[in-house]
Amino acid sequence: IPLEFRRLQAADLSRWQGEASPEFEQFCDAIARNVGGDGPSPQPQPQPVPRPAPAPQPFVPPAPPPGPVPPVKARSSKAMWIGIGVGVLVLGGIASMVSEQQADRHDPVGPRGNVAPTPAPSQDFSAAAGPGMALSFRDHALTYQGRFTMNGVGSPAHLSIDVHDGKTGRSLGHRELDAYGHADAPGRNVFAAQVEVDGDSVTPGRHVHTVNLVFEQRPDGSWPLVRNCSAPGDCYDVPH
């Protein structure tokens, strides 16, 4: 019996056949003490054991039904409420354990559906990009030109850019965007943003271009923009 239920009046009678049993007697005594009884424990009625009929006889009489089980006094209301309280506590503990196990499961997406947090850009880069730097870059269909500004290590950077169709040169408007970055490697930071357009010469209709601006530190301490990698293996170098 589980630890929290050992205070209840319980016994394992799964194999009991009505014979005299110390466990049954202890069970009855525990109930009698709980309801205030002081009489002797009821004794189970002996069960007649059927005897096999002689082989020559064609009819074997059925075994007589077992005798009545000694009645057990009803549990007092106090004991009943104690049992209910213990059951509620056990169920509450099980629910808490299940909740903690679910919370401990690793989810690569991170809390509330957001991308898992990444390391902040290096402070050297933050100082270099703080006042803002002019930049221009491209992808397979668009060209971008504007300014990149970073306000601090713990806040996103800002892109203020003009967007043009790369084949026709048609203006697709101005964008003010947040760019979220992380230190990709020593001396390298990557900032990502999404640019939504109504259509271009490559893809008609409303769609989104994802940019990943890669800045690398030079020996002189500067952090130039070196490429735009929209996807792995799909990098667009920035002309110098």
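Residues numbered from 1 in each chain as written. Predicted model: local features only at pLDDT ≥ 70, side-chain atom pairs only at ≥ 80, totals over all residues. Heavy atoms only, no water.

Chemist: Account for the pattern of salt bridges, naming residues and giving values.
Modeler: Summed over all chains, the structure comprises 6 salt bridges. Across the pair arginine 188 and glutamate 216 runs a salt bridge whose closest N-O atoms are separated by 4.0 Å. Of this pair, arginine 188 sits in strand S5 (residues 188-197) while glutamate 216 is found in strand S6 (residues 207-216), placing the two residues 28 residues apart along the sequence. Exposure remark for arginine 188: the relative accessible area of 25% places this residue in the partly exposed category. The salt bridge involving glutamate 216 is made with arginine 218; its shortest N-O contact spans 3.8 Å. By relative accessible area, arginine 218 is classed as partly exposed at 32%. Members of the salt-bridge network, linked through shared partners, are Asp184, Arg188, Glu216, Arg218 and Arg227. (Salt bridge = Lys/Arg side-chain N within 4 Å of Asp/Glu carboxyl O. Helix = DSSP H or I, 4+ residues; strand = E, 2+ residues; numbered from the N terminus. Buried < 20%, exposed > 50% of the residue type's maximum accessible area, 1.4 Å probe, protein only.)

Chemist: Account for the environment of glutamate 176, with residues named and values stated.
Modeler: With respect to the helices and strands, glutamate 176 occurs in strand S4 (residues 171-185). What makes glutamate 176 partly exposed here is its relative accessible area of 45%. In the structure, glutamate 176 is positioned 30 residues away from glycine 146 in sequence and 9.9 Å away in space, judged by C-alpha atoms. Excluding its chain neighbours within four sequence positions, the residues that come into contact with glutamate 176 are His158, Leu159 and Ser160. Within the local environment of glutamate 176, its side chain forms a polar contact with the side chain of histidine 158, the two groups lying 2.5 Å apart. A distance of 2.7 Å separates polar atoms of two side chains, one belonging to glutamate 176 and the other to serine 160. (Contact = heavy atoms within 4.5 Å. Polar contact = N/O pair within 3.5 Å; in protein donor to acceptor, adjacent residues only side chain to side chain.)

Chemist: Summarise the state of the cysteines; cite the residues concerned and give the values.
Modeler: On inspection of all chains with the given rule, the structure shows 1 disulfide. What pairs with cysteine 229 in a disulfide is cysteine 235, and their sulfur atoms sit 1.7 Å apart. Because the torsion about its S-S bond is 100°, the bridge between cysteine 229 and cysteine 235 counts as right-handed. In this structure cysteine 235 comes out as partly exposed when scored by relative accessible area, which is 39%. (Disulfide = S-S within 2.5 Å.)

Chemist: Give a description of the pairing of strand S7 (residues 225-231) that names residues and reports values.
Modeler: Residues in a regular strand project their side chains so that they alternate between the two faces of the sheet. The pairing of S6 with S7 spans 3 bridges and is antiparallel. Paired with phenylalanine 215 across the bridge in S7 is leucine 225. Taken together, the 4 bridges between S7 and strand S8 (residues 234-237) define a ladder with antiparallel strand orientation. Looking at the pairing, arginine 227 lines up with aspartate 237 of S8. (Pairing = 2+ DSSP bridges.)

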